[in-house]
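Now for the letters of each chain:
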Amino acid sequence: FKHNIFFDNSKQASWQDIRDFYNLDSKQNFKLAPKLTKKHIELPAFTKMKVKFASQVFSHSVAAGLETHAALLRSTCTDTAEFVKKFDNLFDAVNSSQRKCQKPLKCAVTEQSDHMSFFQTTLDWLGTLSVRDDAGKDITNNIKCIKGWQISISAIMQLWTDLRNDHGFDFLLTRRLNQDSVENTFSEVRQRGGNNDHPTPNSFRHLFKHVCCSKLLTGSIGRNCETD
């Protein structure tokens with residue numbers, strides 16, 4: 001959003017290309033990227049923390065739209081489209097939730113799938129990324145998400161090797177590796193603690209019991225009776 005990203009030595013991805021594409025596409029009756037809205041482009045407060053905005057920007061439709069309108073927009077649009085498509089593929093690979101899917105990388109990781117070769121290629125590609133500020137200074141080391149992606153991809157590759165060779169796993173659904181369930185649990189505990197949002201182990205144990213009991217006594221969605 002703030003800086004241009006250089007990759008594969010001479011290619012350049014720019015947020016301005018996505019902004020220009022949105023301004024052009026939003027005026028059409030039949031949009032190439034209908035999910036792209038002004039909120040994606042302006043990024044108001046707190047939206048930068050929502051992953052869905054990133055996944056909707058780094059999507060196949062946005063990449064295809066940028067490529068289609070490249071002749072009408074800036075010269076770097078083709079490079080930005082390639083950058084967007086690479087991250088769209090990466091999002092698919094780390095978000096697989098079913099054994100079979102129309103998009104190969106969104107299928108489960110198996111011994112026959114292309115995930116391992118894709119992950120290795122993506123690791124090498126991430127190593128070519130270079131981020132520069134407006135003055136042309138290289139600030140790549142300040143952009144922590146690049147290193148984070150490299151760590152996450154390496155961890156998935158090592159985990160799959162261990163699960164397959166030592167534990168007999170036939171497949172791995174990468175969506176199960178996120179920490180949402182842990183964050184949701186901690187959020188529930190903090191809400192029960194009132195002003196005590198940093199509980200001790202002992203108070204956490206009591207709060208956790210309280211959360212479990214209250215959830216067990218919550219009526220199901222398809223119940224026949226009204227809530228007591």
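Residues numbered from 1 in each chain as written. Predicted model: local features only at pLDDT ≥ 70, side-chain atom pairs only at ≥ 80, totals over all residues. Heavy atoms only, no water.

**Let's talk about the nonpolar core**
Ranked by size, the top nonpolar core spans 22 residues in total, and within it Phe83, Phe119, Leu129 and Ile153 carry the most contacts. Of all the secondary structure elements, the ones that give two or more residues to this core are strand 1 (4-7), helix 5 (77-93), helix 6 (115-126) and helix 7 (144-167). Among residues more than four places away in sequence, those in contact with Phe83 are Ile5, Phe7, Ala13, Phe58, Trp125 and Leu129. Among the nonpolar cores identified, the runner-up in size contains 15 residues, and Phe21, Tyr22, Val62 and Leu66 belong to it. (Core = buried A, V, L, I, M, F, W, Y, C linked by side-chain atoms within 4.5 Å. Buried < 20%, exposed > 50% of the residue type's maximum accessible area, 1.4 Å probe, protein only. Helix = DSSP H or I, 4+ residues; strand = E, 2+ residues; numbered from the N terminus. Contact = heavy atoms within 4.5 Å.)

**Quick look at the packing of helix 8 (residues 180-192) against helix 9 (residues 201-216)**
Two packed helices can be described by the angle between their axes and the distance between those axes. Look at helix 8 against helix 9: their axes get within 9 Å of each other, and the N-to-C directions meet at 105°. Between helix 8 and helix 9, the angle is such that the two are roughly perpendicular. The segment helix 8 lies against helix 9, with Thr185, Phe186, Glu188, Val189 and Arg192 engaging Phe204, Leu207, Phe208, His210, Val211, Ser214 and Lys215. A per-class count over the contact of helix 8 with helix 9 returns six nonpolar, three polar and three charged. (Axes fitted to C-alpha atoms, helices over the stretch in contact; angles between N-to-C directions. Parallel < 35°, antiparallel > 145°, perpendicular 65-115°, else oblique. Nonpolar A, V, L, I, M, F, W, Y, C, P; charged D, E, K, R; others polar.)

**What to know about helix 6**
Taking 1.5 Å as the rise per residue, helix 6 with twelve residues should run 16 Å; its terminal C-alpha atoms sit 16 Å apart, in good agreement. Along helix 6, the positions that sit buried rather than exposed are His115, Phe118, Phe119, Thr122, Leu123, Trp125 and Leu126. The buried residues of helix 6 occupy an angular sector of 160° when the element is viewed end-on, so they sit on one face. Structurally, helix 6 contributes buried residues whose contacts are with strand 1, helix 5 and helix 7. (Expected span 1.5 Å × (residues − 1). Arc of directions from axis to C-beta.)

**Thoughts on the sheet that holds strand 2 (residues 11-13)**
Strand order in the open sheet formed by three strands is 2-1-3, with antiparallel pairing between adjacent strands. Of all the strands in the sheet, the pair left with one neighbour each is strand 2 and strand 3 (130-132). Between one strand axis and the next, the sheet turns through 30° on average, direction left out of account. Where strand 1 meets strand 2, three bridges bridge the pair, whose relative direction is antiparallel. Its bridge partner being in strand 2, Phe6 is matched across the sheet by Gln12. (Pairing = 2+ DSSP bridges.)

**Comments concerning the packing of aromatic side chains**
According to the stated counting rule, one finds 15 aromatic pairs in the structure shown. Measuring from ring centre to ring centre gives 5.3 Å for Phe58 and Phe87, while their planes differ by 35°; the resulting arrangement is tilted. With a gap of 29 residues between them, Phe58 in the loop between helix 3 (51-57) and helix 4 (60-68) and Phe87 in helix 5 connect regions that are remote in the sequence. Relative to Phe204, the ring of Phe186 lies with its centre 5.9 Å away and its plane at 80°, an arrangement referred to as edge-to-face. One end of the pair, Phe186, is in helix 8; the other, Phe204, is in helix 9, and 18 residues separate them in sequence. Through a chain of ring-to-ring contacts, three or more aromatic side chains come together here, namely Phe7, Phe58, Phe83, Phe87, Phe91, Trp125 and Trp149. (Phe/Tyr/Trp six-rings, centres within 6.5 Å; stacked < 30°, edge-to-face > 60°.)

**Structural notes on unusual backbone geometry**
The phi torsion at Asp8 lies on the positive side, around 50°, for a residue other than glycine. Structurally, Asp8 is set in the loop between strand 1 and strand 2. Residue Asp8 is classed as partly exposed on the basis of its relative accessible area, which comes to 27%. Although it is not a glycine, Leu43 sits at a positive phi angle of roughly 50°. Looking at the secondary structure, you find Leu43 in the loop between helix 2 (38-42) and helix 3. Relative accessible area serves as the criterion here: at 16%, Leu43 is assigned to the buried category.

**With respect to the pattern of salt bridges**
A complete count under the given rule lists five salt bridges for this structure. Where Arg19 meets Glu42, a salt bridge forms, and the shortest distance between an N and an O atom there is 3.6 Å. One end of the pair, Arg19, is in helix 1 (residues 15-25); the other, Glu42, is in helix 2, and 23 residues separate them in sequence. On the basis of relative accessibility, which here comes to 22%, the residue Arg19 falls in the partly exposed class. Here Glu42 falls in the partly exposed class, since its relative accessible area comes to 41%. Lys103 is the partner of Asp92 in a salt bridge, and the nearest nitrogen-oxygen pair spans 2.8 Å. Here Lys103 lies in the loop between helix 5 and helix 6 and Asp92 lies in helix 5, a separation of eleven residues in the sequence. (Salt bridge = Lys/Arg side-chain N within 4 Å of Asp/Glu carboxyl O.)

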